[in-house]
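# Observations on the model geometry
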Amino acid sequence: MLQPGLPRNDLSISQPRGLTRLGLSAKLLLVTVLFVMLAEVVIYLPSIANFRRNWLHDRIAAAQVAALVLEGAPEDGLPEGSENRLLMGVGARSIAARVGGARRLLSLDSMPPPEVSRSIDLRNLSWINAIEEAVAVLVAPATMPIRVVGEAVGGADFVEIIIDEAPLRRAMLKFSWSLLLISLLITGLTALAVYIALNALIIGPIRRLAANVMEFEADPENPQRIIEPSLRADEIGEAERALARMEETLAGELRTKKHLAELGLAVSKINHDLRNMLAAAQLMSDQLIETRDAKIRRFAPRLIATLGRAIEFCQATLAYGRAAEATPAIRDVALRQLVAEQAEMLGLPGDGRLRFENRVPAELTAPCDPDQMARVLTNLMRNSVQALAQAGAEADAQPLLAVTAGPVNGTVALRIIDNGPGVPERARANLFQAFRGSVTPGGTGLGLAVAAELVRLHGGTIELEPSPAGAVFRVALPLRRNNGH
């Protein structure tokens, strides 16, 4: 919502939207691709390790065939050229097998087997070691041949071969490239499927919600901008229904406040002129007291009092219609004297039918604005006087209005007490709201609304205390002065 007095152009909403040029759909697609690729990496490592293991096992299997040939060879060895053909078929530089405790060797060279970069024993190779060694082949290939040892069949105890690692690395790179192409295809199809599904199920409805919020922001008083909830039963459906309720409530409140603002402006203008008329009528009515007509002299005070109340009501309406109350001018005020002054203005104790008691200690002071606190006391005391005048006291007792005060938990608590009919239950919920919390029939509730606003400006609280009979309004003012005032 726009703050009052703040131009729309000052609200830089374009910057956040510029920072989110990458929409939810694109972000969702990127996140999906990222996680699928991470899953492919997790799958790739054991896959490449298994490929290397199988490749070496194939070479060992071929070497086992050669070992069987060695096992059945005569003591003077194989025919000339047979050894080279066996080694070429296995792809090894040399093959060794231990048969019956004797080591049999086939080698392309007449020299002893060359030195090797690493030895691999397939008989007890763990998965962790297999993965580490597979990565090492791709990252840091051996510069010298490698030794591979595996299980043998037949009478041989084991088979050992010495091979170059280059053919193994070429095969692993080819396998990795093929796996990458397959992974990219799977990633693309998966990401596309997830994107389409989530875009239809989540992103689309969220875009609809966002678009409706922006449309409603542009014209919140237009009922056509309220979203129509779908029949979805999930969280998005709940959000749509909650947004619809919120927009309906807000649109209604804005229309009401706009009408009240227009009405308040009109009433303020009327009250301004009416107050002047009533003040002139009050001055003229003061002369009626000097008349010799007994009947006129008897009714004149009532007429003057009625005009006074009308003027005060106009003043209260004008005060409430202002944009804001002035900041309180806080100083230490003698509360008993302030209460006595307001009682005198209200004509208390009056003709004796209503008893008034000022129970505020003479030495008690409170930090407050005397003029604003006088308005608070006047409004609360007038409500009690009107309630007692209209309905009388409970249990046919003498009507009583009493004001007490004293320090309570770091505050000065003022209590305005009467033994009248009390506050109706229907008025309690909106007691301190203008035009909604009237206590007396035909009232507007402005008095309590003005009192509550002034007390809040003092940093205090105002409430209706529970009481067995009558009404007790409690005003609590903090003893420590607010630095902001």
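Shown above is the structure to which this text applies.
First things first, this report covers the structure right here in the doc. Note that the coordinates shown come from a computational prediction; the quantities given were computed from them, not determined experimentally.

### Concerning the overall build of the protein
Tallying secondary structure elements over the protein gives eleven helices and twelve strands in all. Residues classed as buried in the protein amount to 36% of the 485 residues present. Residue pairs at least 24 apart in sequence account for 69% of intrachain contacts in the protein once pairs closer than 6 positions are excluded. When the accessible surface of the protein is summed, it comes to about 28,500 Å², and 59% of that surface belongs to carbon and sulfur atoms.

### Overview of the pattern of salt bridges
If charged atoms from side chains of opposite charge come close, those side chains can pair. In this structure the tally under the stated criterion is ten salt bridges. Salt-bridge contacts for Arg52 lead to Glu133; the nearest nitrogen and oxygen are separated by 3.0 Å. With Arg52 in helix 2 (residues 24-71) and Glu133 in helix 4 (residues 127-139), this residue pair connects regions lying 81 residues apart in the sequence. Given a relative accessible area of 1%, Arg52 falls into the buried group. Its relative accessible area of 23% is what places Glu133 among the partly exposed residues. Ionic pairing is found between Arg208 and Glu240, a salt bridge with its closest N-O pair at 3.0 Å. Note that Arg208 is positioned in helix 5 (residues 166-218) and Glu240 in helix 6 (residues 235-286), a separation of 32 residues in sequence. For Glu240, a relative accessible area of 2% translates into the label buried.

### So, the packing of helix 8 (residues 335-345) against helix 9 (residues 370-391)
The N-to-C vectors of helix 8 and helix 9 enclose an angle of 50 degrees; their axes lie 10 Å apart at closest approach. One element, helix 8, and the other, helix 9, form an angle in the oblique class. The interaxial crossing formed by helix 8 with helix 9 has right-handed handedness. Only Pro370, Met373, Ala374, Leu377, Thr378 and Met381 of helix 9 make contact with helix 8, whose side of the interface consists of Leu338, Val339, Gln342 and Ala343. Each residue belonging to the contact of helix 8 with helix 9 can be placed in one class, and the counts come to eight nonpolar, two polar and no charged.

### Things to note about a nonpolar patch on the surface
Together, Val31, Leu34, Phe35 and Leu38 make up a nonpolar patch on the protein surface, roughly 390 Å² of accessible area in all. Assignment of secondary structure puts Phe35 in helix 2. You can call Phe35 exposed: its relative accessible area is 54%.

### Notes on unusual backbone geometry
The backbone of Asn409 shows a phi angle near 50 degrees, a positive value even though the residue is not glycine. As for its position among the elements, Asn409 is in the loop between strand 9 (400-408) and strand 10 (411-418).

### A look at the side chain of Asn419
You can see Asn419 is positioned in the loop between strand 10 and helix 10 (425-428). For Asn419, the residues in contact, after removing those within four places along its chain, are Leu388, Gly392, Ala393, Glu394, Ala397, Gln398, Pro399, Leu400 and Gly470.

Reading the values: rules and limits
Residues numbered from 1 in each chain as written. Predicted model: local features only at pLDDT ≥ 70, side-chain atom pairs only at ≥ 80, totals over all residues. Heavy atoms only, no water. Helix = DSSP H or I, 4+ residues; strand = E, 2+ residues; numbered from the N terminus. Buried < 20%, exposed > 50% of the residue type's maximum accessible area, 1.4 Å probe, protein only. Contact = heavy atoms within 4.5 Å. Areas by Shrake-Rupley, 256 points an atom, 1.4 Å probe, with all protein chains shown as cover. Salt bridge = Lys/Arg side-chain N within 4 Å of Asp/Glu carboxyl O. Axes fitted to C-alpha atoms, helices over the stretch in contact; angles between N-to-C directions. Parallel < 35°, antiparallel > 145°, perpendicular 65-115°, else oblique. Left-handed = near helix turned anticlockwise from the far one by under 90°. Nonpolar A, V, L, I, M, F, W, Y, C, P; charged D, E, K, R; others polar. Patch = residues over 30% accessible without salt bridge, like charges linked within 9 Å, V, L, I, M, F, W, Y side chains within 5 Å.

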